Every structure is written in structure tokens, then in C-alpha cells.
Amino acid sequence: MSSSKKITLVILLVSIYMFSCVSSTEFEVGGVDGWMVPQSKTQGDMFNHWASHNRFKVGDTVRFNYTKDSVLVVSEEEYKKCKATKPQLYSNNEDTVFKLDRPGLFYFISGISGHCEKGQKMIIKVMETESSPDSPPPSSPSSSSSSSSPSLPASTHKKSSAFKTAVQFSSSVFVILAVLVVSIFGLA
């Protein structure tokens, strides 16, 4: 194999590797305190306050750590009523990880009676990403206007134990890589 083919192969492999890495972040809901019932009226909106100080993007995950409780992903109406009849997700395994798979608003409440009313509920706003212009618009189970939903400020991550970065690789990149190697080396 000529040196120019080797250099081309190395450049292609490095380029594919760099473009195949998708960075996502895992957030620990509530930081060190986790998913728990606020202890006072002043803490009543603590989860929305926590969420407003983080920037969420498609592909990120949120981890709920709790004991003797549960977490539900619900519609906007169910969030407002603190009552879920058809949750999109119900989990009570004390360590729930939920992937934010689309831009838009996600509504979370505790499934334990009275906890949501005491403030154990949260809205997460997932930002549109430049790399996914073909993303479908956020689905809204209710027909209410967007002006009735709360607006959460988007700020950058703060350095804390509230998140950790993970790297995921797309399996389709490996198929492309295999095709390129076969074509460059002439193995076919």
C-alpha cells in the first residue's frame, strides 16, 4: 500500500471518529439532595429552580435518586393537577434514568400521594440543537397554547456533582468505517 493511501486512510478514520462522537450529559435531578419532597414552602419550587440553572439538549439523561417514592413523566395537564391517569413513564426503582429524546418540555411528578402538591414536580425544557434540524416538533398532549406553559431560563451548566459527561458512538459510523476500509484496501 502506498504512503498516500495510508495517510488518506488515517485522515478518514480520524475524521469519522471525531464526527461519530455525540456528547451527552447525565444530570442528577436535584443535585446532592436528589428527588425528594421539599421540606418547606420556601423550597416548594426547588426542582424547577434546579432545572432552570441547567441547559438540557436532546440525548441528555436525567437521573432520579430517591427512596420509597416514584417518578412519573406526565402531560402538562396532569402536571398542573398533580394527578396522573396515563403517565408516559412510571418508575419506582429508586434509581430512574430518563433520556430526553426530543426538544420541548418534559413534565415530571412524584407518584406518591401528596408529594407533588408539596412541590415534588419539575418541568425540563430541552433546547433545539443545531445539529438536528430535521427533529420533529415537540409533541404536546394538550391543546393549550404555549403561552400558558412556564418559561424556564436556559443557562449553562454549573460545575457541580449534578452532571457527568458520557460519550456515545453511533453504530452507523462503524458500518461507514467498514465500507471505507474495504474500498480503500480493495478487499472486495
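For the chain, the name recorded in an unreviewed UniProt entry is Phytocyanin domain-containing protein, with Brassica carinata as its organism. According to the UniProt record, the Sequence similarities (unreviewed entry) comment for the chain is "Belongs to the early nodulin-like (ENODL) family." In the Subcellular location (unreviewed entry) part of its UniProt record, the chain is described as follows: "Cell membrane".

Moving on: the nonpolar core. Membership of the largest hydrophobic core comes to 20 residues, with the highest contact counts inside it found for Trp-35, Phe-56, Val-62, Phe-64, Phe-108, Met-122 and Ile-124. Sorting the residues of this core by element identifies α2 (46-52), β3 (61-65), β4 (71-74), β7 (104-109) and β8 (121-127) as the ones contributing at least two each. Residue contributions to this core peak at four residues, all from α2. Membership of the second largest hydrophobic core comes to eight residues, among which are Val-74, Tyr-107, Ile-109 and Ile-123.

Per the stated rule, a full pass over the model turns up five salt bridges. When the shortest N-O distance is used, the salt bridge between Asp-60 and Lys-57 registers 3.0 Å. The exposure class of Lys-57 is partly exposed, given its relative accessible area of 26%. Between Arg-63 and Asp-95 there is a salt bridge, with its nearest N and O atoms 2.7 Å apart. One end of the pair, Arg-63, is in strand β3; the other, Asp-95, is in strand β6 (residues 95-99), with 32 residues separating them in the sequence. By relative accessible area, Asp-95 is classed as partly exposed at 35%. What you see here is one network of salt bridges that share partners, running through Glu-26, Glu-28, Arg-63 and Asp-95.

Criteria and cut-off values
Sequence order as written defines residue numbering, which begins from 1 separately in each chain. Restriction of local features to residues with pLDDT of at least 70 applies here, the model being predicted, together with a cutoff of 80 or more for giving and counting side-chain atom pairs; totals for whole chains, interfaces and linings are based on all residues. The basis for every side-chain value is the complete set of non-hydrogen atoms in the structure, without hydrogens or water. UniProt positions are given in the numbering used here, feature names are shortened, and annotations may be inferred rather than shown by experiment. By nonpolar core we mean a set of buried residues, namely Ala, Val, Leu, Ile, Met, Phe, Trp, Tyr and Cys, connected to one another through side-chain atoms within 4.5 Å. Each residue gets one of three labels from its accessible area relative to the maximum for its type: buried under 20%, exposed over 50%, partly exposed in between, using a 1.4 Å probe on protein chains only. Helix numbering and strand numbering both begin at the N terminus, where a helix is a DSSP run of H or I of at least 4 residues and a strand a DSSP run of E of at least 2. Counted as salt bridges are all cases of a side-chain nitrogen of Lys or Arg within 4 Å of a carboxyl oxygen of Asp or Glu.

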